[in-house]
Amino acid sequence: METVSTNRAFEGVQGVYRHESATCGCPMTFAVYVPPQAKDGPCPVLWYLSGLTCTHANVMEKGEYRKAAAEHGVIIVCPDTSPRGETIANDEAYDLGQGAGFYVDATEAPWAPHFKMYSYVTEELPALIAANFPADMNRQAIFGHSMGGHGALTVALKNPGTYRSVSAFAPITNPIAVPWGQKALAAYLGPDQSAWRAYDATALVEDGSKVPEILVDQGDTDNFLSQQLDPAAFKTACETAGIALTLNMRPGYDHSYYFISTFMADHIAWHAERLTKG
Ligand SMILES: N[C@@H](CCC(=O)N[C@@H](CSC=O)C(=O)NCC(=O)O)C(=O)O
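Residues numbered from 1 in each chain as written. Predicted model: local features only at pLDDT ≥ 70, side-chain atom pairs only at ≥ 80, totals over all residues. Heavy atoms only, no water.

As named in an unreviewed UniProt entry, the chain is S-formylglutathione hydrolase, taken from Microbaculum marinisediminis. Taken verbatim from the UniProt record of the chain, the Catalytic activity (unreviewed entry) comment is "S-formylglutathione + H2O = formate + glutathione + H(+)". (UniProt positions renumbered as here; feature names shortened; annotations may be inferred.)

This is the structure:
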C-alpha cells in the first residue's frame, strides 16, 4: 500500500492511499480518515460508498464528515466506485463502467475480469484496513449515497453480522425496477433477472434478508427521486419484514453534496451510538 497524501484535520489524519487490488486487477485508490482517539486504541470503522461518477475524493472534499468523525472517534473509509484504467472496460455513459461499479461482482463480458466491487468492499479492502490502520473490525458500520446508498443497503443486508448499522442518503432502493439499475445489472449480471435480486435492497428484504433498523434521508426536490430512487416499494418491504426504517423526507433538498453534508453529522452520530454500544 502506498500513501498518496496525508493532511491533519480535526486533530486526526485524512489520508489517501493506493494499492494493487487483486480483486479488481488494477491499482485502486481510497481515502481514510483516522480520528484523534486512535492514539489511545483501535476505533470503529464507518464505510462510505459513493455514487455515480464519484471517486474516493467527492465525499472527502464535499461531504464534511471529519468534524463529526473526530468528535465520535470513528474511522471513515471511502473507497472508489469502480476499477479504473485505460485497459479496463468502460462505457461513454456516466451510469455504466468506470465510476459506476454498482457494488456488484460482474459475471458478464467485458466487465467480469475487473468489476468485482462487491468482493472488493466486503473482503479485500476490509483486510487491508485491518492490517494497516488502528481499526476495530468488530465494530463496523456502512452508509452511502445514491448508487452508494444501494451499495450500503445491499452489503449490510447480505452481511448482517458484519455491520452494526446501515444508513443512506437518497439511495437507489429498488434497482431492478428503475432505469439506472436495469441498465447496470443487465450489463454486469446478464439478462436473467433472478440474478439481479441478490443486489437489490427491496428484493433482498422481500426474500428474507434482515437488519434490525435502517436510516434514510431523502431530499424531496431531488431530481432523481421519482424516476430512479422512489423509496415506496422499499418502505413497504421493510414494513412487511418488521425492519424499522426511518425515512426522513427533507423539504427543499436535492441530490447533491449540499444535501449530504447537511445531514452527514446526524448519520455519523447515529452510527456512533450503535458502534460504541456493547
Ligand atoms: N452526471 C450525471 C449525474 C451524476 C450524479 O449526480 N452523480 C451523483 C451520484 S448519482 C447516483 O449515484 C454524485 O454524487 N455526483 C458527484 C458529485 O460530486 O456531486 C448527470 O448530470 O445527470
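Once the structure has been displayed, the description carries forward.
Peer 1: What exactly am I supposed to notice about the overall build of the chain here?
Peer 2: A tally of regular secondary structure across the chain gives nine helices and nine strands. Relative to its length of 278 residues, the chain is compact, with a C-alpha radius of gyration of 17 Å against a globular reference of 19 Å. Overall, the C-alpha framework of the chain stretches about 50 × 45 × 35 Å when taken along its three principal axes. Taken over 278 residues, the chain has a buried fraction of 59%. (Helix = DSSP H or I, 4+ residues; strand = E, 2+ residues; numbered from the N terminus. Rg over C-alpha atoms; globule rule 2.2 N^0.38 Å. Buried < 20%, exposed > 50% of the residue type's maximum accessible area, 1.4 Å probe, protein only.)

Peer 1: I tried to follow the sheet that holds strand β6 (residues 135-145) on my own but got confused; where do I start?
Peer 2: Within a sheet, adjacent strands bond to each other through the backbone by hydrogen bonds, running parallel or antiparallel. As summarised here, the arrangement of the nine strands in space is β1-β2-β3-β5-β4-β6-β7-β8-β9, forming an open sheet in which the pairing is mixed. Taken across any chain shown, the strands that pair with only one partner, and hence form the sheet edges, are β1 (2-9) and β9 (244-250). Ignoring which end each strand starts from, the neighbouring axes of this sheet average 20° apart. Bridge count for strand β7 (residues 163-169) against strand β8 (residues 213-219) is three bridges, and the pairing is parallel. Bridged to Ser 167 within β8 is Leu 215. (Pairing = 2+ DSSP bridges. Axes fitted to C-alpha atoms, helices over the stretch in contact; angles between N-to-C directions.)

Peer 1: It is not clear to me how the site of the ligand should be interpreted in this structure. Could you clarify?
Peer 2: Surrounding the ligand, one finds 14 residues, the nearest of these being Leu 52, Asn 58, Lys 62, Ser 146 and Met 147. Measuring from an oxygen atom of the ligand, one finds a side-chain N or O atom of Lys 62 at 2.6 Å. Protein chains bury 71% of the 540 Å² of accessible surface belonging to the ligand in isolation. Its residues placed into classes, the shell around the ligand shows seven nonpolar, six polar and one charged. (Near = heavy atom within 4 Å. Polar contact = N/O pair within 3.5 Å; in protein donor to acceptor, adjacent residues only side chain to side chain. Areas by Shrake-Rupley, 256 points an atom, 1.4 Å probe, with all protein chains shown as cover. Nonpolar A, V, L, I, M, F, W, Y, C, P; charged D, E, K, R; others polar.)

Peer 1: When you look at the UniProt feature "active site" (unreviewed entry) in the chain in this model, what are you seeing that I'm missing?
Peer 2: Residues annotated in UniProt with the feature "active site" (unreviewed entry) correspond here to Ser 146, Asp 222 and His 255. Across 110 residues of sequence, these annotated residues stay compact in space, with a maximum C-alpha separation of 10.9 Å. Tracing the backbone through its elements, the reader meets Ser 146 in the loop between β6 and α4 (147-158). Classification of Ser 146 by relative accessible area gives buried; the value is 3%. Position of His 255 among the secondary structure elements: in the loop between β9 and α9 (257-275). Beyond its immediate sequence surroundings of up to four residues, His 255 is in contact with His 145, Ser 146, Ala 170, Trp 180, Asp 222, Asn 223, Phe 224 and Leu 229. (Contact = heavy atoms within 4.5 Å.)

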